[in-house]
Amino acid sequence: MQLVQRSKRVLEAHLAGTSVRALSGSMVAYEGQVTFKSAGFGGGAGVVAGLKQKATGESLSLMECTGHGVVYFAHDAAEVTIIDLNGDTLQVESEQLLLLAGNLTTNVTFAGVRGMAGGQGLFTTTVAGQGQVALLSRGGPLIHLEVSPQYPLVVDPDAFVCARGQLTQSFDTDVSWRTAVGQGSGEAFSLRWAGTGVVSIQPAER
């Protein structure tokens, strides 16, 4: 199985008796003998996945594409980036996930409480194993920002796409910058990343 970047916004998956999991509805064309079926919520299998989706509000719905041929994927004219995983773990915003290829497992993890008073949970989709992940970004290509122990990174949650490495995440409620630029509404917070790794953001907010 091979992933090929057809253009900035279109991804090709070359199948040779293999399969990939992709965002439901993202297939725009295919050639050859390929079958499609639901692959669940991306948070596990069966009842557990359904409960996680209900509890977290995760909208990740995947389809499995299997066979011999070429399948073309795109979604809302967003730009596509391929990330290779070699036994490591990627934390990703589920809305940005386009395709999973290889021996990869997905799960939904609790990332903390959003805001100080509301108590609303914040959940993250994790992808782990050996393979490739295709991610979506809006407003332009992904921007990769390095995090080091000396320089923690604070990110707008609406711009966050994914993170990998030896990183810990916490919430920063000191977001006076949002008020300064006219975005002060609701329980504002930002994501603080510390440790060693890479955090990827998109140029447009959700």
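This text goes with the structure placed above it.
Here the structure is a predicted model, which is why all the values come from computation and not from measurement. (Residues numbered from 1 in each chain as written. Predicted model: local features only at pLDDT ≥ 70, side-chain atom pairs only at ≥ 80, totals over all residues. Heavy atoms only, no water.)

## Some thoughts on the nonpolar core
Put simply, the test is: The definition of a nonpolar core used throughout is a set of buried Ala, Val, Leu, Ile, Met, Phe, Trp, Tyr and Cys residues joined through side-chain atoms within 4.5 Å. The cut-offs for exposure are 20% and 50% of the maximum accessible area for each residue type, with area from a 1.4 Å probe on protein chains only; residues under the lower value are buried, those over the upper are exposed, and the others partly exposed. Put simply, DSSP marks the helices as runs of H or I at least four residues long and the strands as runs of E at least two long, and each gets a number from the N terminus on. The criterion used for residue contact is that any of the two residues' heavy atoms lie within 4.5 Å.
Membership of the largest hydrophobic core comes to 19 residues, with the highest contact counts inside it found for Leu11, Val20, Cys65, Phe73, Leu98 and Leu99. The element contributing the most residues to this core is strand β2 (residues 11-23), with six residues. Here Cys65 is in contact with Leu15, Thr18, Ser19, Val20, Val34, Thr35, Phe36 and Phe73, once residues within four sequence places are set aside.

## Overview of unusual backbone geometry
Here Asp76, not a glycine, exhibits a phi torsion of approximately 55 degrees, which is positive. Secondary-structure assignment places Asp76 in the loop between β4 (62-73) and β5 (79-92). Of the residues examined, Asp76 reaches a relative accessible area of 60% and is grouped as exposed.

## Focus: the pattern of salt bridges
In plain terms, the rule: When a carboxyl oxygen of Asp or Glu lies within 4 Å of a side-chain nitrogen of Lys or Arg, that pair is called a salt bridge.
If you walk through the whole model with that rule in mind, you get three salt bridges. Taking the shortest distance from any N to any O, the salt bridge between Arg6 and Glu12 comes out at 3.0 Å. Residue classification places Glu12 among the buried residues on the basis of a relative accessible area of 7%. Salt-bridge contacts for Asp88 lead to Arg164; the nearest nitrogen and oxygen are separated by 2.6 Å. Residue Asp88 is located in strand β5, and its partner Arg164 is located in strand β10 (residues 160-172); the two are separated by 76 residues in the primary sequence. By relative accessible area, which is 26% here, Asp88 ends up partly exposed.

## Quick look at the packing of aromatic side chains
Selection rule: Working definition: a ring pair exists when centres of Phe, Tyr or Trp rings (six-membered ring for Trp) sit within 6.5 Å. Plane angles under 30 degrees give stacked, over 60 give edge-to-face, the rest tilted.
Enumeration over the complete set of coordinates arrives at two aromatic pairs. Both rings, one in Tyr30 and one in Phe36, keep their centres 5.1 Å apart while their planes meet at 65 degrees; by these two values the pair is edge-to-face. By relative accessible area, Tyr30 is classed as partly exposed at 40%.

## Details of the environment of Gln150
For Gln150, the position within the fold is in the loop between β8 (143-147) and β9 (153-155). The spatial distance from the C-alpha of Gln150 to the C-alpha of Thr196 is 9.3 Å, given a sequence separation of 46 residues.

On their own, these measurements won't tell you what the molecule is for.
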